[in-house]
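The chain contents come next:
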Amino acid sequence: MTERSAVPPRRRRRPGLLAATEPVRALASAGAFAAGLPLLQLAPRGEPHPVLVLPGLMASDTSTRVLRIWLRRLGYPVVGWELGRNRGPTQEIVDALPRLLDRLAAEHGTAVSIVGQSLGGIYARTLARRVPRQVRQVISLGSPFGSGNVDDTAAARVYRRYSSQHAPNARTTQRRSTARGSLAGPLPVPSTAVYSRWDGVVDWRACRQEPGPRSENVAVHASHLGMGHDPAVLWVIADRLAQPRHEWQPFRRPTRFGLGALFPPEG
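Residues numbered from 1 in each chain as written. Predicted model: local features only at pLDDT ≥ 70, side-chain atom pairs only at ≥ 80, totals over all residues. Heavy atoms only, no water.

Chemist: Describe the packing of aromatic side chains, with residues and values.
Modeler: In this structure the tally under the stated criterion is three aromatic pairs. Residues W81 and Y123 carry aromatic rings whose centres are separated by 6.2 Å and whose planes lie at 20 degrees to one another, so their mutual orientation is stacked. Here the residue W81 occupies a position in the loop between β2 (78–79) and α5 (91–108), and Y123 occupies one in helix α6 (residues 119–130), the gap between them amounting to 42 residues. The exposure class assigned to W81 is buried, which follows from its relative accessible area of 2%. Relative to W204, the ring of Y195 lies with its centre 5.8 Å away and its plane at 20 degrees, an arrangement referred to as stacked. When sorted by exposure, Y195 lands in the same class as W204, which is buried. (Phe/Tyr/Trp six-rings, centres within 6.5 Å; stacked < 30°, edge-to-face > 60°. Helix = DSSP H or I, 4+ residues; strand = E, 2+ residues; numbered from the N terminus. Buried < 20%, exposed > 50% of the residue type's maximum accessible area, 1.4 Å probe, protein only.)

Following this line, the structure appears as structure tokens:
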């Protein structure tokens, strides 16, 4: 019996079912966002500081529009990356992101929080390692930077399709990072990794980091495509951005008004 046939058929079918239902579940998150908007207005608000939002693979700033509008309403100066569609670490992206971060930090006179969806979260973690003084914190949404079944996923296949356009030094860095697992290791800044066991695009196990004094993992019910407008995810982002810069504490799920029901059971 092969290793593949030894896996129960029900377990083998689950990733395919999750992937097939991603668009429908993303729409469900959008509906939940609209219905839950009054409660989301109760989300924590903190010190206004710049927030950079990075899109996922094959997405652009359009995919993060709802998230950016909502964060702007909470009082944060928010910007997208303005680099078009994310086809992976092309030379343009590798060169432009550090310049964008430097400009934002200089304009506002303070470090920048980075929210990255999927591949955008990997960029965010890379920036935090390169220039930690300019990064206030990193929040990744379904970003497969850790150990897990990374190579045999829908996202990985799309990523490989565009690998010829990626910067040579980025490909080398990625191989070394994967081999050492360094991207999943503690960052020099506070970091929150949001993941979902119902992710139909990437392996949720690869979206978690090593927990530490300033690093955590937060589980949600969201689909991969719906994370940018899922109520639970938006609450987590607001709560994390509201943390005082030098007084970071781990996330605690809300208990008021039944908001705890938005999150999976703990444990």
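Chemist: Before we move on, can you summarise the confidence of the model for the chain with the specific residues and values?
Modeler: Low pLDDT means the predicted coordinates in that region are not meant to be read closely. Mean pLDDT for the chain: 86, with 87% of residues reaching 70 or above. Per-residue pLDDT stays below 50 along residues 175–180; that stretch engages in two contacts with residues further than four places along the chain or on separate chains. (pLDDT = per-residue confidence, 0-100. Contact = heavy atoms within 4.5 Å.)

Chemist: Tell me about the pattern of salt bridges, and please be specific about residues and values.
Modeler: In total, this model carries six salt bridges according to the counting rule given. The salt bridge partner of E47 is R136, with a shortest N-O separation of 3.5 Å. Of the two residues, E47 sits in the loop between α3 (22–40) and β1 (51–54) while R136 sits in strand β4 (residues 135–141), which places them 89 residues apart along the sequence. When the shortest N-O distance is used, the salt bridge between R205 and D203 registers 3.3 Å. Ionic contacts of the salt-bridge type, sharing partners, join the residues E216, D239 and R240 into one network. (Salt bridge = Lys/Arg side-chain N within 4 Å of Asp/Glu carboxyl O.)

Chemist: Any chance you could break down empty space enclosed by the protein for me, citing the residues and the numbers?
Modeler: Per the counting criterion, the structure on display carries one cavity of 30 Å³ or more. Taken together, R136, Q137, P190, Q243, P244, R245 and W248 make up the lining of the largest cavity. Within the lining of the largest cavity, the residues separate by chemical class into three nonpolar, two polar and two charged. (1 Å grid on protein atoms, 1.4 Å probe; cavity = no way out; pocket = protein on both sides within 12 Å on 5 of 7 lines; lining within 4 Å. Points joined across faces, edges and corners; volume = space filled by probe spheres on them. Nonpolar A, V, L, I, M, F, W, Y, C, P; charged D, E, K, R; others polar.)

Chemist: Please provide a residue-by-residue account of a nonpolar patch on the surface, values included.
Modeler: A cluster of nonpolar side chains, contributed by L39, L42 and F257, occupies part of the molecular surface with about 270 Å² of accessible area. Inspection of the secondary structure puts L39 in helix α3. Residue classification places L39 among the partly exposed positions, given a relative accessible area of 31%. (Patch = residues over 30% accessible without salt bridge, like charges linked within 9 Å, V, L, I, M, F, W, Y side chains within 5 Å. Areas by Shrake-Rupley, 256 points an atom, 1.4 Å probe, with all protein chains shown as cover.)

Chemist: Let's hear about α6: which residues, and what values?
Modeler: Two residues of an α-helix separated by three or four positions point the same way, owing to the 3.6 residues in each turn. Along its 12 residues, α6 runs 17 Å from first to last C-alpha, staying within 8% of the 16 Å computed at 1.5 Å per residue. When we look at burial in α6, the residues that qualify are L119, G120, G121, I122, Y123, A124, R125, L127 and A128. Looking at the buried side of α6, the elements it contacts are β1, α5, β3 (112–117), β4, α7 (154–161) and β5 (191–196). (Expected span 1.5 Å × (residues − 1).)

Chemist: Help me get a handle on the sheet that holds β1, residues and values and all.
Modeler: Sheet architecture is open: six strands sit in the order β2-β1-β3-β4-β5-β6, paired in parallel fashion. Every interior strand has two partners, whereas the edge strands, β2 and β6 (215–220), have only one. As paired elements, β3 and β4 share six bridges and run parallel to each other. Paired with V115 across the bridge in β4 is I139. The strands that α5 touches are β1, β2, β3 and β4; relative to β3, the one it contacts most, it runs at about 140 degrees. (Pairing = 2+ DSSP bridges. Axes fitted to C-alpha atoms, helices over the stretch in contact; angles between N-to-C directions.)

Chemist: Let's hear about the nonpolar core: which residues, and what values?
Modeler: W70, L71 and I237 are the most contacted members of the largest nonpolar core, which has 31 residues in total. Looking at this core, the element that brings in the most residues is helix α9 (residues 231–241), giving eight residues. Sequence-distant contacts of W70, that is, excluding residues within four places in its chain, are made with F33, L37, L40, Q41, A43, L234, W235 and A238. (Core = buried A, V, L, I, M, F, W, Y, C linked by side-chain atoms within 4.5 Å.)

Chemist: Quick rundown of the packing of helix α4 (residues 65–73) against α9? Include the residues and the values.
Modeler: In contact at an axis separation of 11 Å, α4 and α9 are set at 40 degrees when each is read in the N-to-C sense. The angle between α4 and α9 places the two elements in the oblique class. The two elements α4 and α9 cross, and the hand of that crossing is right-handed. Side by side, α4 and α9 meet where L67, W70 and L71 of the first sit next to L234, W235, I237, A238 and L241 of the second. Within the contact of α4 with α9, the residues separate by chemical class into eight nonpolar, no polar and no charged. (Parallel < 35°, antiparallel > 145°, perpendicular 65-115°, else oblique. Left-handed = near helix turned anticlockwise from the far one by under 90°.)

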